[in-house]
Amino acid sequence: MHTAETASPGGRHEKPAAVLAGLGTCLPTTEFDNASLPTQLDTNDEWIRTRTGIAARRRAAPSVSMRDLACEAGANALRSAGLDTVGGLVLATTTPDRPCPAAAPEVAERLGLGQVPAFDISSVCSGFVYATTVAASLITSGIVDSVLVVAAELYSRIVDPLDRSTAVIFGDGAGAVVLRRGTAAEQGALLAFDLGSDGSGHRLIHVPGEREQPEGPRWFTMAGRKVYLRAVERMTASALRVMKDCAWAPETIGALVPHQANSRIIEAVAERLGVPPQSAVCELARVGNTAAASIPLALADALTTNQLKPGARTVLTAFGGGLSWGSAALVWPQLKAVRSEF
Ligand code: COA
């Protein structure tokens, strides 16, 4: 656990911090609503809506790569921040277009960032929070002055289209933020972080390797109910840690932005934390679960609907494969999200 604020009175606000300065997203143009899912799935709109809150999801055309979505979202975040370049790039994805090398250097090159440090992070649905935490550390340690954090996922490439336990849930998309060096006193400053993992649950969210499964297609699998319970427990505990670090009482939280896996999970976490129910951001209805991309996509939607306002005490919390989880706290800054479709 780490907090960017210091205990010393008077010193806390001058303390260097990473400040959120731009937000961009990119979604594939094609939407599949619940009615357009294959009949072989033996599912129905009512089950999906009531059990998950999902009504539709986006799927990228075969010609679109994860890197394409990452570049679009990244360029949009730079536009939102009013910047042409940054000092580094961290890319969160668990659906890389290829096993090797990492995609981040190529995305940095395509965005014209030059020969900056660039690397991928593979933390499944916690990827955005992990990437943001690492990027903030690069800034506060003085290694770089600004970082583009991109989360891009094409789960349609790894989910079995005929597995109803995953095919109805996951969608494709990308989101990105720009972090720059500033102080803890500024709106947008990332004030506290929490990260954790539990490898004993690695099989609960899983894509088998060649040795584990030498034959047949190696699809993504998720033990839904077991993951559900752990997601609620871990996100609640992690979010509480950053709220405690900031000395923020639950009723003062303006926006709780959890990983967008399931509306029931989001409601349960908000209830357990005791934050006002209207503060819980739930924006998965039209995009489904977009893994690492879900938090920046939800932030952009919440800005559009005015649920997220400058000055709001904002808590991001995520849970995903690994198992892994994490949270971050910031006071929401004045900015406009830049969005596009590809
Ligand atoms: N349509 C219709 N029925 C379905 C279905 C679907 N798409 N998927 C599962 N079912 C059935 C199951 O077969 C089961 O039937 P049974 O009772 O006859 O055995 C029943 O619905 C209940 O299944 P269960 O898995 O217990 O449902 P659930 O309420 O837990 O919902 C998830 C399933 C996946 C939506 C939910 O568990 C979930 O959101 N899990 C966590 C996801 C998450 O947090 N991920 C984080 C990282 S990505």
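Relevant structure appears above.
About the cut-offs
Within every chain, residues take consecutive numbers counted from 1 along the sequence as written. Restriction of local features to residues with pLDDT of at least 70 applies here, the model being predicted, together with a cutoff of 80 or more for giving and counting side-chain atom pairs; totals for whole chains, interfaces and linings are based on all residues. As a rule here, side-chain values cover all heavy atoms of the structure and leave hydrogens and water aside. Here a salt bridge means any side-chain nitrogen of Lys or Arg lying within 4 Å of a carboxyl oxygen belonging to Asp or Glu. Helical segments are the DSSP runs of H or I of at least four residues, strand segments are the runs of E of at least two, and each set is numbered from the N terminus. Each residue's exposure class comes from its accessible area (1.4 Å probe, protein chains only) as a fraction of the maximum for that residue type: buried when under 20%, exposed when over 50%, partly exposed otherwise. Any residue with a heavy atom lying within 4 Å of a molecule or strand is counted as near it. We define a polar contact as two N or O atoms separated by no more than 3.5 Å, with the added condition that, inside protein, one atom must be a possible hydrogen donor and the other a possible acceptor, whereas residues neighbouring each other in sequence contribute only through side-chain atom pairs. The accessible surface values rely on the Shrake-Rupley method and a 1.4 Å probe; as for residues, cover is taken only from the protein chains in view. The distinction between a cavity and a pocket rests on a 1 Å grid over the protein atoms alone: a 1.4 Å probe fits inside a cavity but cannot get out, while a pocket stays open yet meets protein on both sides within 12 Å along at least five of seven lines, and a residue with an atom within 4 Å of a point counts as lining. Put plainly, a molecule is in a cavity or pocket when over half of its atoms are within 2 Å of the grid points there. When DSSP finds at least two bridges between two strands, those strands are taken to pair. Angles shown run from 0 to 180 degrees and are taken between the N-to-C directions of axes, each axis being a line fitted to C-alpha atoms and, for helices, limited to the stretch in contact. By the convention used here, residues are in contact when the closest approach between their heavy atoms is within 4.5 Å. Taken from the helix axis, the directions to the C-beta atoms give the arc we talk about.

Trainee: Where do I start with the pattern of salt bridges in this structure?
Mentor: A side chain of one charge can pair with a side chain of the opposite charge when the charged atoms of the two come close. Inspection of every chain in the model, using the stated rule, returns 13 salt bridges. One salt bridge in this structure joins R339 and D301, with 2.7 Å as the shortest N-O distance. Of this pair, R339 sits in strand 15 (residues 338–341) while D301 sits in helix 8 (residues 294–304), placing them 38 residues apart in sequence. The class of R339 is partly exposed, set by a relative accessible area of 40%. Via salt bridges that share partners, E31, R58, R286 and E341 belong to a single interconnected network.

Trainee: What's the story with the site of the ligand in this structure? I'm lost.
Mentor: Of all residues adjacent to the ligand, which total 25 residues, the nearest are T43, R51, C125, R164 and N262. Separating a nitrogen atom of the ligand from a side-chain N or O atom of W47 is a distance of 3.4 Å. When the ligand is considered free in solution it has 960 Å² of accessible area, and contact with the protein chains removes 74% of it. Among the detected pockets, the ligand sits in the largest pocket. Contributions of two or more residues to the shell around the ligand are made by helix 1 (45–52), helix 6 (224–246), helix 7 (263–273) and strand 13 (313–320).

Trainee: Any chance you could explain the sheet that holds strand 7 (residues 146–154) here in plain terms?
Mentor: Where strands meet in a sheet, backbone hydrogen bonds hold them as pairs that are either parallel or antiparallel. Ordered in space as 6-5-7-8-2-15, the 6 strands form an open sheet in which the pairing is mixed. Of all strands in the sheet, those with a lone pairing partner are strand 6 (118–121) and strand 15, marking the two edges. Ignoring which end each strand starts from, the neighbouring axes of this sheet average 20 degrees apart. Against the sheet, helix 2 (residues 66–81) touches strand 2 (16–27), strand 5 (89–92), strand 7, strand 8 (172–183) and strand 15, its axis set at about 125 degrees to strand 2. Strands in contact with helix 4 (residues 127–140) are strand 2, strand 5, strand 6, strand 7 and strand 8; relative to strand 7, the strand with the most contacts, it is inclined by about 165 degrees.

Trainee: Help me out: how do you make sense of the environment of A231 in this one?
Mentor: The topology assignment puts A231 in helix 6. Sequence separation between A231 and A261 is 30 residues; the distance between their C-alpha atoms is 9.3 Å. When neighbours within four sequence positions are excluded, A231 is seen to be in contact with I265 and F319.

Trainee: What is the right way to read helix 7 from this model?
Mentor: Listing the buried residues of helix 7 in full gives S263, I265, I266, V269, A270 and L273. Buried positions in helix 7, seen along its axis, are confined to an arc of 160 degrees and lie on one side of it. Residues of helix 7 that are exposed and point more than 90 degrees away from the buried face comprise E267, E271 and R272. On its buried face, helix 7 sits against helix 1, helix 6 and strand 12 (255–258). The N-terminus of helix 7 is capped by N262, whose side-chain oxygen sits 2.8 Å from the backbone nitrogen of R264.

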